[in-house]
Amino acid sequence: MFTGIVEEVGRVASLTDYRLVINARQTLEDVNLGDSIAVNGACLTVVEFDGDSFAVDLAPETLRRTSLGQAGPGAAVNLERALAANGRMGGHIVQGHVDGTGVITGLTPEADCYIMEIEAPESLVPYIVEKGFIAVDGISLTVVQKAVRRFTISVIPFTMQNTNLEERAVGDKLNLEADILAKYVESLLEAKFS
């Protein structure tokens, strides 16, 4: 489980076949083989590491559901280690199970922030709620407004400067994970009324 509070922005070293290697520092401080690290919001297993990088294997399903297959050398990726049992819950419950990708359709300055508009897959729209949580590339964010297939988030300067959003532009794909609570409510209601 994760919180959506990005610990470090790593850089893709290589992506070959189904193995992704990422250069990082802070994320490697207490890493072990088999540990889970969220990479742009996708929970991945450390299969190899050294003092400067770690490697994860990407399943075909991960490549279908996320934007990681498009991450070329040098690409910025948000990194977060799994939440320790005694850790703070600074964001929201993020599983690291990406539901799909969205596309940035607008980026508008507002005071010292940016309003980012994202087009979401139709299957995710029912789970998006104004003032509710959503994980965008693994970042715990609050939905400002929701439209038919789009929603907006407000990105404060700290988040912009300490995540990969600083390098994102209109047209870029982002990994999206809807709030798990909404999915559980839907599942319970389906079970009750079916």
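Cut-offs used in this document
- Residues numbered from 1 in each chain as written.
- Predicted model: local features only at pLDDT ≥ 70, side-chain atom pairs only at ≥ 80, totals over all residues.
- Heavy atoms only, no water.
- Pairing = 2+ DSSP bridges.
- Helix = DSSP H or I, 4+ residues; strand = E, 2+ residues; numbered from the N terminus.
- Axes fitted to C-alpha atoms, helices over the stretch in contact; angles between N-to-C directions.
- Buried < 20%, exposed > 50% of the residue type's maximum accessible area, 1.4 Å probe, protein only.
- Contact = heavy atoms within 4.5 Å.
- Patch = residues over 30% accessible without salt bridge, like charges linked within 9 Å, V, L, I, M, F, W, Y side chains within 5 Å.
- Areas by Shrake-Rupley, 256 points an atom, 1.4 Å probe, with all protein chains shown as cover.
- Salt bridge = Lys/Arg side-chain N within 4 Å of Asp/Glu carboxyl O.
- Core = buried A, V, L, I, M, F, W, Y, C linked by side-chain atoms within 4.5 Å.

> Summarise the pairing of strand E3 (residues 36-39); cite the residues concerned and give the values.
Pairing analysis gives four bridges linking E3 to strand E4 (residues 42-49), with the strands arranged antiparallel. Within E4, the residue paired with Val39 across the bridge is Ala42. A loop of two residues connects E3 with E4, the two strands running antiparallel in sequence, and Asn40 in this loop sits at a positive phi of about 50 degrees. Pairing between E3 and strand E6 (residues 76-81): three bridges, direction antiparallel. Within E6, the residue paired with Ala38 across the bridge is Glu80.

> Explain the sheet that holds strand E10 (residues 139-146) to me, using residue names and the numbers behind them.
The pairing of strands in a sheet happens through backbone hydrogen bonds and is either parallel or antiparallel. Taken together, six strands build a closed barrel; the order of strands is E7-E8-E11-E10-E9-E12 and the barrel is antiparallel. On average, each strand axis in the sheet is inclined to that of its neighbour by 45 degrees, with strand direction left out of account. Note: strand E9 (residues 133-136) against E10, four bridges, orientation antiparallel. Bridge pairing in E10 links Ile134 to Leu141.

> I'd like a description of the environment of Val103, backed by residues and values.
Mapped onto the secondary structure, Val103 falls in strand E7 (residues 100-110). When its relative accessible area of 28% is taken as the criterion, Val103 is described as partly exposed. Through-space distance from the C-alpha of Val103 to that of Ala59 is 22 Å; in sequence the pair is 44 residues apart. Every residue in contact with Val103, bar those within four places of it in the chain, is listed here: Glu117, Ile118, Glu119, Gly171, Asp172 and Lys173.

> Just give me the short version of a nonpolar patch on the surface, but keep the residues and values in it.
On the surface, Met1, Met89 and Ile93 cluster together to form a nonpolar patch covering roughly 260 Å² of accessible area. Note that Met1 resides in the segment before strand E1 (8-16).

> Quick one: what's the story with the nonpolar core, residue by residue and with numbers?
Counting 21 residues, the largest nonpolar core has Ile118, Val136, Phe151 and Ile153 as its most contacted members. Only strand E8 (113-119), E9, E10, strand E11 (150-155) and strand E12 (173-178) provide two or more residues apiece to this core. Setting aside chain neighbours within four positions, we find Val136 in contact with Ile118, Leu141, Ile153, Leu174, Asn175 and Leu176. Leu28, Val31, Val39 and Phe54 belong to the second largest nonpolar core, which has 19 residues in total.

> Help me get a handle on the sheet that holds E1, residues and values and all.
Pairing is antiparallel around the closed barrel formed by six strands, whose spatial order is E1-E2-E5-E4-E3-E6. Between one strand axis and the next, the sheet turns through 45 degrees on average, direction left out of account. Both E1 and strand E2 (residues 19-23) contribute to a ladder of five bridges, which runs antiparallel. Across the sheet, Thr16 pairs through a bridge with Arg19, a residue of E2.

> How would you sum up the pairing of E8? Please name residues and give values.
Every regular strand shows the same layout, with side chains that alternate between the two sheet faces. As paired strands, E7 and E8 are joined by seven bridges and run antiparallel to one another. Bridge pairing in E8 places Thr108 opposite Ile115. Linking E7 to E8, which pair antiparallel, is a turn of two residues; within it Ala111 sits at a positive phi near 55 degrees. Both E8 and E11 contribute to a ladder of six bridges, which runs antiparallel. Looking at the pairing, Ile115 lines up with Ser154 of E11.

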